[in-house]
Amino acid sequence: MKAAVCTRYGPPEVLQVRDVDDPFPGSNDVVIRIRAAAVTASDVFIRSAIPSGRLVMRLLLRVFVGFRRPRRPILGAVLAGEIESIGKNVTRFRVGDRVWAFTLLRFGCYAQRIRLPETTKLLAPAPSNLTDDEAAAIPYGALLALSFLRRARIQRGDQVLVYGASGAIGTAATQIAKHAGGMVTAVCSTANVELVRALGADAVLDYTKEKTPAGALYDVVFDAVGRRKTSPLKEVLTNALTREGRSISVDDRTPRFERTDLDELRGLVEAGILRPVIDRRYALEQIAEAHRYVEQGHKKGNVLITLAD
Ligand SMILES: NC(=O)c1ccc[n+]([C@@H]2O[C@H](COP(=O)([O-])OP(=O)(O)OC[C@H]3O[C@@H](n4cnc5c(N)ncnc54)[C@H](OP(=O)(O)O)[C@@H]3O)[C@@H](O)[C@H]2O)c1
């Protein structure tokens, strides 16, 4: 099969498409024919081994992922596709089932096929109302948004500010916060104002134009773009909290995922509450180009690799 292999840490060109052995399922495994995979900010972070990051972060990454190059050289952690074969003890899935998954540090999604244990924590039936491309655009942003917004404990009527509402996590957070009953103010640049409005934001602030908003206070301020991305508006808004207000950043802590998270997201998608936002699609052979684009840090929602037969 074809796969994009990360030959070492470095610029996008270290990703090379090669022929590798097809996986075969062990007794408790499934083999998934991957139809679409997401290219995420985390993939870029790992491929580049954050050359501009602090030394301690660079060392930690290498301990977990591999010292000279990723131990698991096929990157990509989000997939949508169908079960192609199963081991003799598998009971949860049948051949032909449509699934989606977030494989975390197992990676392996920039490939035509992947073998996973059927017990993989974040492997589940995909939503019935989405194509494979659309399905692959949900898990990364929505699982992270779900994890961080759980900590925010949004109550009906809460004023919720989502800073960076147009990225993978921001587009999902805007929709999930709205569904939780929040009155959502979304912050983005001029080009993305219509997008975040269409996702349900009650108010929109343009961080390229506004510097001092008119004194509003928020019950929840959620920084969906991380600490390295800021603006004069963000500096003001991070402290614009009510007395009980909570300020949460995606970079604060390691996200926590529950085994039931993908099923919860499938429910939201099938009910029309959560919808995918896709910026660009690339073929596997264009993986370096896809990384170059994601690395710029201005994608709208999600970037996908689509995998042909
Ligand atoms: N804790 C963890 O384990 C963990 C895991 C994954 C990700 N993260 C963090 O989450 C961040 C976001 O991930 P993501 O996948 O959602 O990113 P993303 O999709 O690449 O975000 C892109 C969006 O960021 C917006 N943006 C860029 N600079 C901005 C600024 N100064 N102010 C406001 N918006 C800005 C862009 O909007 P414009 O084009 O309009 O500027 C673009 O729409 C990552 O960079 C990382 O820091 C943390």
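You'll find the structure just up there.
Residues numbered from 1 in each chain as written. Predicted model: local features only at pLDDT ≥ 70, side-chain atom pairs only at ≥ 80, totals over all residues. Heavy atoms only, no water.

Chemist: Talk me through the environment of A201; I want residue IDs and the actual numbers.
Modeler: Checked against the element boundaries, A201 lands in the loop between helix 6 (193-198) and strand 10 (203-206). Residues A201 and V187 lie 14 residues apart in sequence; the distance between their C-alpha atoms is 9.5 Å. Sequence-distant contacts of A201, that is, excluding residues within four places in its chain, are made with T174, V184, A186 and V196. (Helix = DSSP H or I, 4+ residues; strand = E, 2+ residues; numbered from the N terminus. Contact = heavy atoms within 4.5 Å.)

Chemist: Can you break down the site of the ligand residue by residue, with the values?
Modeler: Around the ligand sit 27 residues, and of these S166, S189, Y207, V250 and K299 come closest. One nitrogen or oxygen atom from the main chain of A168 is found 2.9 Å from an oxygen atom belonging to the ligand. Here H298 contributes a side-chain N or O atom positioned 2.8 Å from an oxygen atom of the ligand. Here the ligand has 940 Å² of accessible area as a free molecule, and 88% of this is covered by the chains. Going through the elements one at a time, helix 1 (41-48), helix 4 (139-152) and helix 5 (168-179) are the ones with two or more residues in the shell around the ligand. (Near = heavy atom within 4 Å. Polar contact = N/O pair within 3.5 Å; in protein donor to acceptor, adjacent residues only side chain to side chain. Areas by Shrake-Rupley, 256 points an atom, 1.4 Å probe, with all protein chains shown as cover.)

Chemist: If you had to explain the packing of helix 1 against helix 9 (residues 287-295) to someone new, which residues and values would you point to?
Modeler: With their axes 9 Å apart at the nearest point, helix 1 and helix 9 run at an angle of 105° to one another. Here helix 1 is positioned roughly perpendicular relative to helix 9, judged by the angle of their axes. Residues A41, D43, V44, R47 and S48 of helix 1 form the contact with helix 9, whose own contacting residues are H291, V294 and E295. The class makeup of the residues in the contact of helix 1 with helix 9 is three nonpolar, two polar and three charged. (Axes fitted to C-alpha atoms, helices over the stretch in contact; angles between N-to-C directions. Parallel < 35°, antiparallel > 145°, perpendicular 65-115°, else oblique. Nonpolar A, V, L, I, M, F, W, Y, C, P; charged D, E, K, R; others polar.)

Chemist: Please provide a residue-by-residue account of a nonpolar patch on the surface, values included.
Modeler: Among the surface-exposed residues, L55, V56, M57, L59, L60, V63, F64, F67, L104 and L105 lie close enough to one another that they form a single nonpolar patch of about 950 Å² accessible area. Take L59: it is sitting in helix 2 (residues 55-65). (Patch = residues over 30% accessible without salt bridge, like charges linked within 9 Å, V, L, I, M, F, W, Y side chains within 5 Å. Salt bridge = Lys/Arg side-chain N within 4 Å of Asp/Glu carboxyl O.)

Chemist: Break down the packing of helix 4 against helix 5 for me, citing the residues and quoting the values.
Modeler: Interhelical geometry of helix 4 versus helix 5 gives an angle of 55° and a closest axis separation of 8 Å. By the angle class used here, helix 4 and helix 5 are oblique. Judged by the twist between their axes, the crossing of helix 4 over helix 5 is right-handed. Residues Y140, G141, A142, L144, A145, L146 and L149 of helix 4 touch helix 5, and the partners they reach there are A168, I169, A172, A173, I176 and A177. (Left-handed = near helix turned anticlockwise from the far one by under 90°.)

Chemist: Can you explain the nonpolar core? Please cite residues and give values.
Modeler: By size, the foremost hydrophobic cluster in this structure holds 95 residues, and its most contacted members are I32, F222 and L265. For this core, the element with the highest residue contribution is helix 4, accounting for nine residues. For F222, the contacting residues outside a window of four places in its chain are F148, L149, L161, V162, Y163, I169, A173, I248, S249 and V250. Counting residues in each nonpolar core, the second largest holds nine residues, with L161, Y163, L237 and A240 among its members. (Core = buried A, V, L, I, M, F, W, Y, C linked by side-chain atoms within 4.5 Å. Buried < 20%, exposed > 50% of the residue type's maximum accessible area, 1.4 Å probe, protein only.)

Chemist: Can you tell me about the packing of aromatic side chains, naming the residues and giving the values?
Modeler: Evaluation of the coordinates by the stated rule reveals four aromatic pairs. When the ring of F102 is compared with that of Y140, the centres are 6.1 Å apart and the planes differ by 80°; the resulting orientation is edge-to-face. You can see F102 sitting in strand 5 (residues 98-102) and its partner Y140 sitting in helix 4, a full 38 residues away along the chain. When its relative accessible area of 8% is taken as the criterion, F102 is described as buried. (Phe/Tyr/Trp six-rings, centres within 6.5 Å; stacked < 30°, edge-to-face > 60°.)

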